[in-house]
Structures are given as C-alpha cells and as structure tokens.
Amino acid sequence: MQTELVLEQALTALGGTVERGVRVTGVAHDDTRVTVTTQGPDGTRHIGADWLIAADGVRSSVREHLGIAFAGEPVPATYLLAEGSVDGPFARDELHYFLGTTGTLVVAPLPDSVVRVGGGVPDGTEPDLAAVQRLLDERGPGGLRMVEAASITTFTSAERVAATLRRGRCFLAGDAAHTHAAVGGQGLNLALEDVRNLVWKLAGVIGGRFAPAILDSYDIERRCAAEDTVRVTRLLARLALLGPVAARVRNTVWRLASATGVLRRRYAPVLAGSRSRYTEGVVLPAPARRASLPPPGTRTPAWVPAPATDPRRFRLVTLGAPTGALVDGARTVARRFPALVGHEHLTRRGSGFLLLRPDGYVAATGTGPDGLAGVETVLRDLALTARSPVVAAG
Ligand SMILES: Cc1cc2nc3c(=O)[nH]c(=O)nc-3n(C[C@H](O)[C@H](O)[C@H](O)COP(=O)(O)OP(=O)(O)OC[C@H]3O[C@@H](n4cnc5c(N)ncnc54)[C@H](O)[C@@H]3O)c2cc1C
C-alpha cells in the first residue's frame, strides 16, 4: 500500500492520473499507433497513443492480446503468508530469516506494527492462525505468537518469462513480463527496474533525442535480468524445499556463511536487486586493463556523486588530473552531442572515465583519451540524426 501511495503521488505530481474501475479489453497496434479498448463506468472507450507500457500483472491481458508466449513451469511449493500482530521477543527493525529442518520462515516487520510471517507449507494447508503458529513454533526462535491476523493466504507461483518484452510500440513490464518463486521478494524490485530501464529510452525517443533503435535494448537487457532472477529464486526455492537431512547440511553452511560475512556480501545485494548486470544492450565491453573501474553494465559506484545536471542525459565523468588530453577529449565529445551527454570531472587518484546512463548504469569505461572513440560510437548510434551529430558552437 505504501509503495502504491508513493508511486501514485509521484504520478500525480507529474500530471498523470490513475483511472480505477477501468479494464483493458483490447489492443490493436501498427507501425505508427497503438489503440487500447477499455470498459469502465463511462462504457467502452478507444484510446489512441504512440506507445503502450503494459504493467497489468501476471495474468496480463495485453500480453495475450499481443500474442506473446509466457512459457515456464509451476514452482512445486505452496507458500503461506500472514500479516498481523505478533507477540514475542524479536528485533522489530530487521527482516528475519529462520531455517528449520522442515523449511524456512520469514518474519518481516512492516509499518504500523504489522508483521508479515511467511514460509513454505505442505499442499492443502488451511490458511488459518493454527497454520501460522505451527510455522512460528517449528521454525522460529521460540516465544513468537501471532495474536491477530489481518490476512492469511496460501498461494503457489510459477517461473515464466515472456518470449519478448516488446512488440512494436507495446512493452511488457513487471509481472506481465516475468514471474518467479516468491522467495527473496524480488518481484517488485524487478518490476521497478524494468520501468527504470525503459522510461529514459522512451522519453529520449519521444523527445526526439534518441533514434527508436534504442528501444530494442529494453528486451535484451531486462529479459536477461528476469532470467537471472528466475535462476536465483529457483535455486533458493529448491534449497528451501530440502528434506530434513539435506536441510541440516544447508543450515550449517548457511550459518557459516552468515558468521563469515559471506551472506551479507553476496546474498544481501541479490535480495536488494543490485546484482543485475547488463552484458548486452547499451553497454560497451570493459577495457582490457584497469580493474578499479566498475564493469560496464553494473550500477554507478557510490563514490560518484548524484547528477548535478540534466538527469535525462548520459554523464561522461573523467577521473584523475583536472586538465590534460582526457578531459579535453571528453569536453569535445560533450560538445558534439549536447542533447545526449554532459561532461563532469572528479579529481581522483588514477586517470580514466565512466560513461553513465540516465538510469544510473555504467555504459562504458576507459583509461585514456583513446577509449573516448567508443563513447562517440555509442552516442552516434543513439542519436536521432545518426549520420550528422549535432556540433555545438565553441
Ligand atoms: C502474496 C504475494 C506477496 C508478495 N510479496 C512480495 C514481496 O515481499 N516483495 C516483492 O518484491 N514482491 C512481492 N510480491 C510480488 C509483487 O507483488 C509483484 O511482483 C508486483 O506487484 C508486480 O507489480 P506489477 O505492477 O507488475 O503487477 P501488479 O502489482 O499485479 O499490478 C497489476 C495491475 O494491473 C491491473 N490490471 C490487470 N489487468 C488489467 C486490465 N485488463 N485492465 C486494467 N488494469 C488491469 C491490476 O488490477 C493491478 O492493479 C508478492 C506477490 C504476492 C502475490
């Protein structure tokens, strides 16, 4: 609810509105236009648009109208999820994962003293307080009791990724594009990252700065991220389903990984959704040397300050001495493509550069002025006037 509120407030601030009670019942599209048919309180409407982003959930009717396959497998597990008041001693500002020999248990404090309790349960389990209490007693630390439940449900999930995330002028995002085992709570991260990946590209095309070909990279980059998430959650779900003997081994390894900090270093970033890396799309291969620069396709490192200028443009950040051939070369690139990129300099030890995308991912890196030729190639390919980049005066 909190997330929906934040998103809706942001949409309203930008001049958009959410129309509730209106259902998409048809989609038609050609090379120039998309027409969506809707049913709502005002009857049937036909809405014309240049582009369509379908974020209509795992049963996406838009995906069906577009004839995009959604192949995959059901996850062989039933999950119980309850939200309510939990009595007992546990830190209420941390997410807790417990590993028992009969399965896993998640205890997640939410706002307003609500606690979410979840775990895998045998098929056919009744979603009631007794089942929640069994989970807490069998797998928890002891002494926890759900005293009042606002909701208790059981559900199953599936592992599916749409055959393509783009058909012409229509895009699939979020659960409409992919679904996976609930373990690790990755669905929302993945959905928001889809949109983050798509909107700067689409805004650039609509604004006349990027050639439409950039939109092909949405499917390439995000389908790969979705397939990675399906792989990781499949592994985690299978680990959660191990029998008692294997579960003891798993729990010992897990405890060791926790004690040595491996879990925090390797697993926490996976849960936070920050491990995804684009190896194809709007990224260049890493230069042969210079391990201290972040690999292209990963997120901007924390030591780079937030953008001070137009967030719709790429940032060409030079590192090292504030003057010299590298800085001059970067300024020249920025002057050639003023609508696409701005130059910034960070005085740091070691020289090099980063080309950062508007969504905060690294598009390219390099160590010297020679590497800037690759940056020019990326920008020339993206620019709407591909054969004649804009050359600014001065
Ligand atoms: C029980 C449960 C617990 C979960 N817990 C977590 C968690 O802890 N962390 C996490 O990251 N993820 C979690 N998820 C997954 C997460 O909820 C989804 O990944 C996320 O909501 C996907 O967002 P979405 O916008 O793509 O789809 P949805 O949230 O499903 O939104 C789709 C919207 O489209 C609307 N819609 C559908 N069809 C039409 C139509 N024809 N016309 C108009 N509108 C339509 C629906 O009404 C809905 O509002 C959980 C999912 C479930 C089921």
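It should be emphasised that the depicted structure is a prediction, and the values quoted were computed from it without experimental measurement. (Residues numbered from 1 in each chain as written. Predicted model: local features only at pLDDT ≥ 70, side-chain atom pairs only at ≥ 80, totals over all residues. Heavy atoms only, no water.)

### Digging into the sheet that holds strand E8 (residues 115–121)
Strand order in the open sheet formed by 6 strands is E6-E7-E8-E5-E9-E12, and the pairing between neighbours is antiparallel. Edge positions in the sheet fall to strand E6 (96–100) and strand E12 (178–179), since each has one partner strand and no second. On top of the sheet, helix H5 (residues 216–240) reaches strand E5 (72–87), strand E7 (103–109), strand E9 (145–161) and E12; it is set at about 125° to E9, its chief contact. (Pairing = 2+ DSSP bridges. Helix = DSSP H or I, 4+ residues; strand = E, 2+ residues; numbered from the N terminus. Contact = heavy atoms within 4.5 Å. Axes fitted to C-alpha atoms, helices over the stretch in contact; angles between N-to-C directions.)

### A few points about the domain arrangement of the protein
Structurally, the protein comprises domain 1 (25–70 + 166–241), domain 2 (72–158) and domain 3 (280–394). For domain 1 versus domain 3, the separation of C-alpha centres amounts to 29 Å. If you look at the interface, domain 1 gives 14 residues, while domain 3 gives 17 residues. Summed over both sides, the interface between domain 1 and domain 3 buries roughly 1,400 Å², with carbon and sulfur atoms accounting for 59% of that surface. (Domains from an automatic or database assignment. Buried area = accessible area lost by both parts, 1.4 Å probe.)

### Details of the pairing of strand E15 (residues 352–356)
Of all 5 residues in E15, 5 are buried; the element is thus mostly enclosed. Burial along E15 is two-sided: the residues Gly352, Leu354 and Leu356 and Phe353 and Leu355 are all buried. Pairing between strand E13 (residues 314–319) and E15: 5 bridges, direction antiparallel. Along E15, the bridge assignment pairs Leu316 with Leu355. Pairing of E15 with strand E16 (residues 362–366) involves 4 bridges; the strand directions are antiparallel. By the bridge assignment for E16, Leu356 is matched with Val362. Linking two consecutive strands that pair antiparallel, namely E15 and E16, is a turn of 5 residues; a positive phi of about 85° is found at Gly360 within it. (Buried < 20%, exposed > 50% of the residue type's maximum accessible area, 1.4 Å probe, protein only.)

### A look at the pattern of salt bridges
Under the defined criterion, the tally for this structure stands at 20 salt bridges. For Arg222, the salt bridge identified is with Asp194, shortest N-O distance 2.7 Å. Linking Arg222 in helix H5 with Asp194 in helix H4 (residues 187–206), this pair joins segments that are 28 residues apart in sequence. For the pair shown, Arg222 and Asp194 are each scored as buried. Close ionic contact of Asp359 with Arg357 constitutes a salt bridge, the shortest N to O distance being 2.8 Å. Arg357 gets classed as buried once you look at its relative accessible area, which sits at 2%. Connected through salt bridges with shared partners, the residues Lys201, Glu221, Arg357 and Asp359 form a single ionic network. (Salt bridge = Lys/Arg side-chain N within 4 Å of Asp/Glu carboxyl O.)

### Section: the side chain of Asn197
Tracing the backbone shows Asn197 in helix H4. Owing to a relative accessible area of 1%, Asn197 belongs among the buried residues under this scheme.

### Let's talk about the packing of aromatic side chains
Summed over all chains, the structure comprises 7 aromatic pairs. Measuring from centroid to centroid gives 5.8 Å for Phe171 and Tyr218, while their planes differ by 80°, and the two rings are edge-to-face. Residue Phe171 is located in strand E11 (residues 170–172), and its partner Tyr218 is located in helix H5; the two are separated by 47 residues in the primary sequence. Like Tyr218, Phe171 is buried. On the basis of an interplanar angle of 35° and a centroid distance of 4.7 Å, the ring pair of Tyr278 and Tyr361 is categorised as tilted. Of this pair, Tyr278 sits in the loop between helix H7 (262–271) and E13 while Tyr361 sits in the loop between E15 and E16, and the two are 83 residues apart along the sequence. Note on Tyr361: relative accessible area 0%, which makes it buried. Site record: aromatic cluster; members linked through ring pairs are Trp51, Phe171 and Tyr218. Above the face of the Trp303 ring, Arg348 is positioned so that its terminal group lies 3.7 Å from the ring centre. (Phe/Tyr/Trp six-rings, centres within 6.5 Å; stacked < 30°, edge-to-face > 60°. Lys NZ or Arg CZ within 6 Å of the ring centre and 35° of its normal.)

### Looking at the packing of H4 against H5
At a minimum axis distance of 10 Å, the contact between H4 and H5 shows a crossing angle of 170°. In terms of axis orientation, H4 runs roughly antiparallel to H5. Relative to H5, H4 is oriented so that their crossing is right-handed. Residues Leu190, Glu193, Asp194, Asn197, Leu198 and Lys201 of H4 touch H5, and the partners they reach there are Ser217, Tyr218, Glu221, Arg222, Ala225, Ala226 and Thr229. Its residues assigned to classes, the contact of H4 with H5 comprises 5 nonpolar, 3 polar and 5 charged. (Parallel < 35°, antiparallel > 145°, perpendicular 65-115°, else oblique. Left-handed = near helix turned anticlockwise from the far one by under 90°. Nonpolar A, V, L, I, M, F, W, Y, C, P; charged D, E, K, R; others polar.)

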